[in-house]
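Examination of the molecular architecture
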Amino acid sequence: MSRLSQSSLVAVLGPTNTGKTHLAIERMCAHSSGMIGFPLRLLAREVYDRVVALKGVNRVALVTGEEKIIPKQAQWYLCTAEAMPMDREFAFVAIDEAQIGIDPERGHIFTDRMLHARGREETMILGSESLRPLIEALLPDAEIITRPRFSTLSYAGPRKLSRLPRRSAIVAFSLEDVYAIAEMLRRQHGGAAIVMGSLSPQTRNAQVKLYQDGEVDYLVATDAIGMGLNLDVTHVAFAALRKFDGRRRRRLTLAEIGQIAGRAGRHQKDGSFGVLSGLDSSDELQAEDIERLEEHRFPKLEWLYWRNPEPDFGSLDSLIGSLEEKPQRQRLHPAPEAVDLAVLKKLAQDPVVSQFVNSPNMVRLLWEAACIPDFRKVGADHQARFVASLWPHLAGGSGRIPHARMAQEIARLENVQGDIATLGARIAAARSWSYIAQKTRWVEQPEVMIERTRALESRLSDAMHSQLTQRFVDKRTRILMRGLLKDTLSQDVSIDDDGMVLVEGQEIGTLKGFQFVVPSDSRSEDRKMLLAAAERYLGRIMTQNADALAKAPDSVLTLEPDATGTPAILWGESRLAMLTKGKSLLQPEIKFDHSIKDMAPEDGQKVMDRVKLWVDAMKAKHLEGLVKIDALANQPETPAAVRALFAQIVDAGGILSRREIDQAIRALDNDMRGHARRAGLVFGALDIFHHALMKPGAVLWRTALFAAFDAQPMIERTPDNAVHLKQDAFAEADNASRLGFRKIAGEYIRVDMVERLIKQAHESRQKGAIFAVDPALATSLGLSQSCHEALLDLAGFVKTNDKPTPIEPAVIENSSPPPAGADQAEKAGEEAIEPDAEPTAESSLASEAAPDVVVETAEATADSSPVAEEPAATIQYWRWKGMARKNNRDQGKARGKPQKHAKGAPAKRKVEPVLATAGGAFAELAALRDSMKK
C-alpha cells in the first residue's frame, strides 16, 4: 500500500450505535478491492462472515495474528489493525475505532494506520467524536462526517442484580467478578452468557448465541463488549467503574463509559444504562457525567500515542533507539513501553540471544520474534523467556522451529479436561502457537501446523463453551423444579409481557398463545415436571386467553407460511391452525394445533369457532369476487354455459389463460358475457381474470388456498407493488399465472398490465393500416424493447418496414374511421389462440415500484441537464395481422376431416398461436381504472 497515494479521505465520527462499521462495509464492497482494520480479532471475524455472504468465500480474506484465510482471488481484506498488509494496494481502506490511538499498549498502531494507511480511491477513518480536533490538526484535508446515534440512551440509575430487566448486559473488569455475577444470575434468573476478550471467537460466538437466541436473558462481559460487537442489549449495568489497565487501577474515562454504555439499544431501539446497587460512593456517576453520557458529549482528545513505524534495523541499539524516538509533530506523544519493546530489551541483554544478532536481517528477525503477542498475559519476563527458547531455532540451522518441537507443544495442550481457568490458559497458549504457525518462514510443514493449531483451538473452545454453559446455564436448581408440584406454589405463577412463565421468579417455559414451550436446554427428567406444572397452573390463563381471542378483532390473527411453507393461522407468534386440502379450493380444511385440542373442551371450542369465523371473514374480504362467482356457478338460474365458465375460473383461482377456456368463452352470447362481467370478470386478450384479485390480500389468500389444496408449500410472493419482473424467480412454471403474471420473452408482466398494453396498441390502429405504438407506457413499466415487441406479436400485431401513407383530408372527411381499440379487439376476439409463453410470478394492485421491479416514467429517468441533441430513434411501425386461429388442421383431424393441399403446393406455414381478445375487454379495463381512481 502506498503511503503517498492520493484518495478521498473521510472521517466518520460519532457515538456507538450509529452504523459507522456498516457504512464502511458498504463503501468497501462498492469498490473493486478494499481493506478494513479492526481493533479485535472477534470483530474482524464477524465482519468477514458478513462480507463472505455478500461477495463469496473465494474473494474475501481474513488476516489476524492467529488466523489467515487468503484465497488467491481475494479482493476484500478484513484484518486486525496490527495485521493489516501495508505493502499491498487497495482501492478502499478503513480503520475502525481510531480513537484507540490513546491506548498505552496498542495506541501507536492505530495512530500509524490513521496517518498512513490509504486507499487508492477512498480512505475512511471511523471513530468517536472526541477525535475531531486531532483529525483537524493531523489530517486537515479530511472531510469530517458526523453520524448521530439512531436511538436514545438514557440513565436508569442503580439497580439490584435481581431487579435488572431482561436483555441486560452486566460489565465487570476482573475474571473473578465476571464469574461471581454469572453465578448469581444463574441462581436468580436461570443463567447468563459470558463474553470476554480472552475467549476465542468460536467460544465467544457460541456464548453470544445463547443470549441472542433467548436461552438466557443476561450477558456478563468485560469491556470487550464496547468494541463494536453487535448484540441485542436493552440495558447495560456497570458492576464497577474502575479497572486495572496493566499498570494501575484507575477509574474509567467518560469516553470509555460511553463506549460501553452505547451497546444498549439496537438501531432505532432505545437503550438504557446504569450501575449495580452497592457501588462505592466515590465511583458513582455525577449528574454532569450522566448528562454528557446521554448527550454523547465527551472530552476531546488532545493527543495520540506514536511510535516510529519505520525503525532502524542497523543494530539492536539503533533499533531500540528508533523505537523510543520522540515524535516531531504536535499532538503526538511517545508511546509508553509496550510488552514487545520490553521483551526486545530483555532479549538484547541475553548473550545467548545477542550473539546471533550480527546483521540487519537478524535484527529484523529478533524484533519480529519479540512482537509475538503475550496472549497468556504472563508479563515481559516470562514472554522473553518463551521467545528466547525459540530463538536458537530461528537464528541458526534451517531458520525454522523443528516440527517435532511444535508437535510436542501442541500435543501437550490437547487435553480438553479441566476447569474454566485451566482451559483458558490452554487456549491462550494455543493462540501463541497459532500465531507462530502463521509465520510460514518459521515453521517446518506450515500447512500441517496451521491446521493442527486451528483444530486445537477449536476443540479447546468447544470444551470452554461446554464448561461455561454447564456452570452458568445448565445447572437449574432441581429444588425449584421438584417444588413446582406443591400446592403452596400455585399463587406464585406469573406470565410477563413476552409470555415467559415464571414460578417464584424462575423461568419454567414460555406460553405462546395456547402453547406451552419448555426451554430447549431442559433435561429430560425436568421436562415432565415442567409440563405437569404448566398443565396444573395455566388452566385459568388458558381460559382467559380463549375469552380474549373470542372477543378480539380480526386483526389479531394472521395468515403466514410456517417453516415448511404450510399456510398457518397465527395469533401473535402462536400457531393455532393450518389450512389443508378440503372439498374444493375455496373450502379448505382447518387443522387445529394439538395445543388447542388439549385445552378444556369449552375453551378449545371457543378458539376453533373464532378461527373458522375469521377464515370465512377473510375469504369474504379478500376473495369476495371469487366467492360470488363460486356461488353463481352453483345457482340453477345461472345459464349453463356461464356456470361451466365460472367453475373453471374458480378452480383456477380467478386468473386463467384464455386459451384454456377458449371454447367455453366462444359458447357465450352477449347476455351471458354481460352476466360474467357483472360478476367482476375481465375478458382480456390473453387472460380471463377477476379485477379484484390483483390486490396483495387476495394474492396471499389465493396462494394459501392453492398450497392447502395441492398439499404443497406456499408460493413465495413477489413484493406487493410488483407489476413487472425482469427475471425468472419461480420454482414451478405455473406459479407465475397463479400470482397474476404472464411470461413474455423471458420477462413477467402482471396480466392487467398486459391487457393495458394491448389496448394501447389497438388504439394506435386508428391512425391507419400502418402505425407506430408509443413505447412510453412499456418503458414506464420497465419492459425491455424485445419484451414489448414480443407482447405485440403475441397479440396479433406484426412489424413492418412500410411507412404509413398520408391520408388526404377529403378522404378523411368521406371515410369512417376504423373502430377504437376495444372494438377492434372485440372483432378479433372470436379467434382462438394458443400462446407459447408460460406465465410465472406474483401480483399486486398498486403501481408503485418494488426492489426487484422496474416501474419508471419517462420523466423520472430524464436528465434535466442540457445535452447536445441526438438523432431521433428509429420508429418501429406495425400492422394488424389478426389473431391466428387455434391450429385448424388439428381441429379438422379431431372432426375427422382430412386436410387438403393443392398438388405440389407447399403446405401452409404453421401460424404461431396467439390469444384472442374478447369483445368489450378494454372498455372494462378502462372502467375499472376509473372506478379505482374514484
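Residues numbered from 1 in each chain as written. Predicted model: local features only at pLDDT ≥ 70, side-chain atom pairs only at ≥ 80, totals over all residues. Heavy atoms only, no water.

**Here we look at unusual backbone geometry**
What counts, and what does not: Only DSSP runs of H or I with at least four residues qualify as helices, and only runs of E with at least two residues qualify as strands; both kinds are numbered from the N terminus onward. Exposure is judged per residue with a 1.4 Å probe applied to protein chains only, and the accessible area is read against the type maximum: over 50% gives exposed, under 20% gives buried, and values in between give partly exposed.
One non-glycine residue, Q445, lies in positive phi territory at about 55°. If you trace the backbone, Q445 turns up in the loop between α15 (420–438) and α16 (446–474). The exposure class assigned to Q445 is partly exposed, which follows from its relative accessible area of 44%. For A745, which is not a glycine, the phi torsion comes out positive at approximately 50°. With respect to the element layout, A745 can be found in the loop between β31 (741–744) and β32 (747–750). Its relative accessible area of 48% is what places A745 among the partly exposed residues.

**Thoughts on the sheet that holds strand β25 (residues 574–584)**
What counts is decided by this rule: The pairing criterion is simple: DSSP has to find at least two bridges between the two strands. Fitted lines through C-alpha atoms serve as axes, helices being fitted only where they are in contact, and the angles separating the N-to-C directions of these axes extend from 0 to 180 degrees. Any pair of residues with heavy atoms lying within 4.5 Å of one another is described as a contacting pair.
Ordered in space as β23-β24-β25-β26, the four strands form an open sheet in which the pairing is antiparallel. Unpaired on one side and paired on the other, β23 (557–561) and β26 (587–592) mark the two borders of the sheet. Taken pair by pair, the neighbouring strands of this sheet meet at an average axis angle of 35°, ignoring direction. The strands that helix α26 (residues 696–710) touches are β23, β24 (567–571), β25 and β26; relative to β25, the one it contacts most, it runs at about 70°.

**Things to note about the packing of helix α28 (residues 751–764) against helix α30 (residues 785–794)**
Worth spelling out the cut-off: The cut-offs work like this: below 35 degrees is roughly parallel, past 145 is roughly antiparallel, 65 to 115 is roughly perpendicular, and the gaps in between are oblique.
Running from amino to carboxyl end, α28 crosses α30 at an angle of 75°, the nearest separation of the two axes being 10 Å. The angle between α28 and α30 falls in the class roughly perpendicular. Seen from α28, the contacting residues are V754, L757, I758 and A761; seen from α30, they are H788, L791 and L792.

**Quick look at the packing of aromatic side chains**
Test applied: Pairing of aromatic rings covers Phe, Tyr and Trp, the last through its six-membered ring, and needs centres within 6.5 Å; plane angles under 30 degrees mean stacked, over 60 mean edge-to-face, and all others mean tilted. By the criterion adopted, a ring carries a charge over it if an Arg CZ or a Lys NZ lies within 6 Å of its centre and within 35 degrees of its normal.
Throughout the structure, instances matching the rule amount to ten aromatic pairs. An angle of 70° between the planes, with centres 4.9 Å apart, marks the rings of W303 and Y305 as edge-to-face. Given a relative accessible area of 26%, W303 falls into the partly exposed group. Residue class for Y305 comes out buried when judged on its relative accessible area of 13%. Linked through ring pairs, F771, F797 and W880 together constitute an aromatic cluster. One residue, R376, lies across the ring of F386, its end atom 4.9 Å from the ring centre.

**Some points on the confidence of the model for the chain**
Using the following cut-off: On a range of 0 to 100, pLDDT expresses the predictor's confidence in each residue.
The pLDDT averaged across the chain works out to 81; a share of 81% of its residues lies at or above 70. Segment residues 810–871 is flagged for pLDDT under 50; beyond a separation of four residues in sequence, or across chains, it makes 163 contacts in the model. Confidence drops under pLDDT 50 across residues 888–934; counting only partners more than four residues distant or on other chains, this segment forms 97 contacts.

**Some words on the environment of A180**
Checked against the element boundaries, A180 lands in helix α5 (residues 175–189). Each C-alpha atom of the pair A180 and F472 lies 9.9 Å from the other, and the pair is 292 residues apart in sequence.

**Comments concerning the pairing of strand β3 (residues 60–63)**
Taken residue by residue, a regular strand's side chains alternate between the two faces of the sheet. Every second residue of β3 is oriented toward a common face, with V60 and L62 on one face and A61 and V63 on the other, all of them buried. Alignment of β3 against strand β4 (residues 68–69), held across two bridges, turns out to be antiparallel. Bridge pairing links V63 to K68 in β4.

**With respect to the environment of L332**
Within the secondary structure, L332 is located in strand β18 (residues 332–334). Along the sequence, L332 and R307 sit 25 residues apart, while their C-alpha atoms lie 9.2 Å from each other. The residues contacting L332, other than those within four sequence positions of it, are T111, L115, L138, L304, W306 and P327.

**Quick look at the packing of helix α22 (residues 624–633) against helix α23 (residues 640–651)**
Heads up, the rule is: Helix crossings fall into two classes, left-handed where the near helix is turned counterclockwise from the far one by less than a right angle and right-handed where it is turned clockwise.
Remark: α22 packs on α23, axes separated minimally by 8 Å, with the N-to-C direction vectors making an angle of 140°. Between α22 and α23, the angle is such that the two are oblique. Judged by the twist between their axes, the crossing of α22 over α23 is left-handed. Residues L626, I629, D630, L632 and A633 of α22 form the contact with α23, whose own contacting residues are R643, F646, A647, I649 and V650.

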